[in-house]
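# Inside the fold
The residues making up each chain are set out below.
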Amino acid sequence: MNNFTFNIPTDIRFGKDQIECLPNELSKYGNKVLLVYGGGSIKRTGLYDTVISLLDKYEVYELPGIEPNPKLTSVEEGAKICKEKGIEVILAVGGGSTIDACKHIACAACYDGPAWDLMMDRSKITKALPIAVVLTICATGSEMNSGGVITNEDTKEKLEINSPLLYPRLSICDPTYLYTLPQKQTAAGTVDILSHVLEQYFQPNDEAYITDTLSEAVMRTVIKYGKVAIDNPTDYEARSNLMWSSTVALNHLLTVGKGGGWSVHPIEHVVSAFYDITHGVGLAIITPKWMRFVLTSNTVDRFERYAKEVWGITGSDKYAIAMEGIEKTEEFFKSLGMPLTLYDAGITDDRIKEMAKEAYRTNNEFKRAYVKLSVDDIENILNMCK
Ligand code: NZQ
Ligand code: ZN
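What comes next is a walk through the structure.

About the cut-offs
Residues numbered from 1 in each chain as written. Chains lettered and ligands numbered in written order. Predicted model: local features only at pLDDT ≥ 70, side-chain atom pairs only at ≥ 80, totals over all residues. Heavy atoms only, no water. Helix = DSSP H or I, 4+ residues; strand = E, 2+ residues; numbered from the N terminus. Rg over C-alpha atoms; globule rule 2.2 N^0.38 Å. Buried < 20%, exposed > 50% of the residue type's maximum accessible area, 1.4 Å probe, protein only. Contact = heavy atoms within 4.5 Å. Areas by Shrake-Rupley, 256 points an atom, 1.4 Å probe, with all protein chains shown as cover. Lys, Arg positive; Asp, Glu negative; His and termini not counted. Charge placed at Lys NZ, Arg CZ, Asp CG, Glu CD. Axes fitted to C-alpha atoms, helices over the stretch in contact; angles between N-to-C directions. Parallel < 35°, antiparallel > 145°, perpendicular 65-115°, else oblique. Left-handed = near helix turned anticlockwise from the far one by under 90°. Donors = N, O, S within 2.8 Å, 3.2 Å for Na, K, Ca; no water. Phe/Tyr/Trp six-rings, centres within 6.5 Å; stacked < 30°, edge-to-face > 60°. Lys NZ or Arg CZ within 6 Å of the ring centre and 35° of its normal. Near = heavy atom within 4 Å. Polar contact = N/O pair within 3.5 Å; in protein donor to acceptor, adjacent residues only side chain to side chain. Nonpolar A, V, L, I, M, F, W, Y, C, P; charged D, E, K, R; others polar. Patch = residues over 30% accessible without salt bridge, like charges linked within 9 Å, V, L, I, M, F, W, Y side chains within 5 Å. Salt bridge = Lys/Arg side-chain N within 4 Å of Asp/Glu carboxyl O. Pairing = 2+ DSSP bridges.

### Remarks on the overall build of the protein
When you go through the protein residue by residue, the secondary structure sums to 16 helices and eight strands. By the compact-globule yardstick of 21 Å for 386 residues, the protein fits well, its C-alpha radius of gyration being 20 Å. When its C-alpha atoms are laid out on the principal axes, the protein stretches across 65 × 45 × 40 Å. Relative to its full complement of 386 residues, the protein shows a buried share of 58%. Nonlocal contacts in the protein, meaning residues at least 24 apart in sequence, comprise 77% of its contacts between residues at least 6 apart. Carbon and sulfur atoms make up 49% of the accessible area of the protein, which totals about 15600 Å². In the protein, 40 positive and 51 negative side-chain charges are present, and the distance between their average locations comes to 1 Å.

Dropping the structure here:
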């Protein structure tokens, strides 16, 4: 195993009615709150009213309208409010998009200069407002990690901001909030969780047996419950298992002792920056194609282990077993209702060359990945996705 540090400062409150702790917990950070949320789902579900009534002793300012694939302009607007009103704590009520916007706002509010500077040079993140989260969709793990993904529409870059200062201090994770998710978002979130585990599972160092074994358990959980949550949105067992899986999948636990770059996410981020598609949809399309592309005699053992441990495939020909694991992965995405080609996701023009170049230009990940990818490799993978 590689050396590692493991230090996550997020206080997780998991389960039904945990929201009751909000007034007490927020008081640790101040009285002036910026409440940030998305396009209106929290108003439709009644969660907005609950939060507002719990915060009746607080001075609350609002930043609504955070878009899926959040934009830099929203971050700039939030930072401006924080500076003007002297905000002391930011409360994100929503999913990865809202939380990620809050992370960038939290450091931009403490910085004298353009918010995008902090994306380009992480050493400039020296201070951040505290962030609390009420999670309404399980997918990204943003509720317990230090990263946030923001799109700069002018440059068409979708990049990750990251700093230990950006861990949420508090995350309230109530699985009943997931009951109202549209089927597409449940499916996309499920794919995202699985993809986070896969990115860490397929990495050069395979001596971290405990980490890989935990990863297999999380993947089996996601596969067991993803379809159940779609077929029965109010199944608490399914929702709660998926919700905790999403947190564990990207809170650093499944990468300890390992190391290396990611492959599918950096490609997907360019696709969603160019076409504004849902992150999980892009992952469902690209993941099986990436798997087929990197399956060789060097990687077959790891794919065989994945197929056996996660999908329960048996047999004696390891290539056949590995291929069956990849096919099962794709079938699973299909069973969730995910499109499997760019065309099926509504992408009918061809900017593959441009996207491949952009992915390679903006990411060092490919050089450290499980199988190193060149710009031509990325182009080939994207061509397989057409
Ligand atoms: O905007 P509202 O109206 O709230 O609706 C949202 C949105 O349309 C809706 N929704 C959320 N909770 C709901 C609900 N609808 C009904 N009932 C509920 N309980 O779902 C839609 C998607 O929300 P969003 O926050 O965009 O989803 P997600 O959590 O999947 O976040 C995706 C973003 O996170 C980034 C992605 O690239 C994408 O920009 N990622 C962030 C990561 C991180 N911070 O660590 C890692 C990931 O790999 C990912 O890149
Ligand atoms: Zn993701």
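So that's the structure; there's more coming.
### A closer look at the packing of helix α7 (residues 183-201) against helix α9 (residues 236-249)
Contact geometry of α7 with α9 gives a least axis separation of 9 Å together with a crossing angle of 40°. Taken as axis vectors, α7 and α9 run oblique relative to one another. Helix-helix and strand crossings are classified by hand; for α7 and α9 the assignment is left-handed. Counting all contacts with α7, which are made through Thr186, Thr190, Ile193, His196, Val197 and Gln200, the residues of α9 involved are Arg239, Leu242, Ser245, Ser246 and Ala249.

### Let's talk about the side chain of Ser195
Looking at the element boundaries, Ser195 is found in helix α7. Those residues within four positions of Ser195 in sequence are excluded, and the remaining contacts are His265, Leu283 and Thr287.

### Points about the coordination of the zinc ion (ligand 2)
Around the zinc ion (ligand 2), the protein supplies Asp192 (OD), His196 (NE2), His265 (NE2) and His279 (NE2) as donor atoms, at distances of 2.0 to 2.2 Å. For the zinc ion (ligand 2), the donor residues sit on a single chain with the sequence spacing D-x3-H-x68-H-x13-H. Highlighted residues: His265 in helix α10 (residues 264-275) and His279 in helix α11 (residues 279-294), separated in sequence by 14 residues. When sorted by exposure, His265 lands in the same class as His279, which is buried.

### Some details on the packing of aromatic side chains
What the rule picks out here adds up to twelve aromatic pairs. Their ring planes at 35° and their centres at 4.4 Å tell us that Phe202 and Phe303 sit as a pair that is tilted. Note that Phe202 is positioned in the loop between α7 and α8 (209-231) and Phe303 in helix α12 (residues 300-311), a separation of 101 residues in sequence. Classification of Phe202 by relative accessible area gives buried; the value is 2%. On the accessibility criterion, Phe303 (0% relative accessible area) is buried. An aromatic cluster is present here, built from Tyr201, Phe202, Trp290, Phe303, Tyr306 and Tyr370 joined pairwise through their rings. Positioned above the aromatic ring of Tyr236 is the side chain of Lys16, whose terminal nitrogen or guanidinium carbon lies 4.4 Å from the ring centre. Of note, Lys43 hangs over the ring of Tyr48, and the distance from its end group to the ring centre comes to 4.5 Å.

### Focus on the site of ligand 1
In the vicinity of ligand 1 there are 32 residues, among which Gly39, Ser41, Gly96, Ser97 and Lys158 approach most closely. Ser41 is positioned with one of its side-chain polar atoms (N or O) 2.7 Å from an oxygen atom of ligand 1. Side-chain polar atom of Ser142 to a nitrogen atom of ligand 1: 3.3 Å apart, as the coordinates give it. Considering ligand 1 on its own, with 970 Å² of exposed area, one finds that the protein chains cover 89% of that surface. Put simply, the parts of the chain that give the shell around ligand 1 at least two residues each are α5 (96-108), β6 (147-152), α7 and α10. Taken together, the residues of the shell around ligand 1 break down into nine nonpolar, 20 polar and three charged.

### Observations concerning a nonpolar patch on the surface
Nonpolar side chains collect at one region of the surface, where Met1, Phe4, Phe6, Ile210 and Leu214 lie side by side and expose about 480 Å² of accessible area between them. Considering the arrangement of structural elements, one finds Ile210 in helix α8.

### Let's talk about the pairing of strand β4 (residues 89-94)
Most of β4 is tucked away: six of the six residues are buried. Side-chain alternation along β4 places Val89, Leu91 and Val93 on one buried face and Ile90, Ala92 and Gly94 on a second face that is also buried. Bridging between strand β2 (residues 32-37) and β4 involves five bridges; their strand directions are parallel. Each residue of the ladder has a partner; that of Tyr37, found in β4, is Val93. As paired elements, β4 and strand β5 (residues 131-135) share five bridges and run parallel to each other. Bridged to Leu91 within β5 is Ala132.

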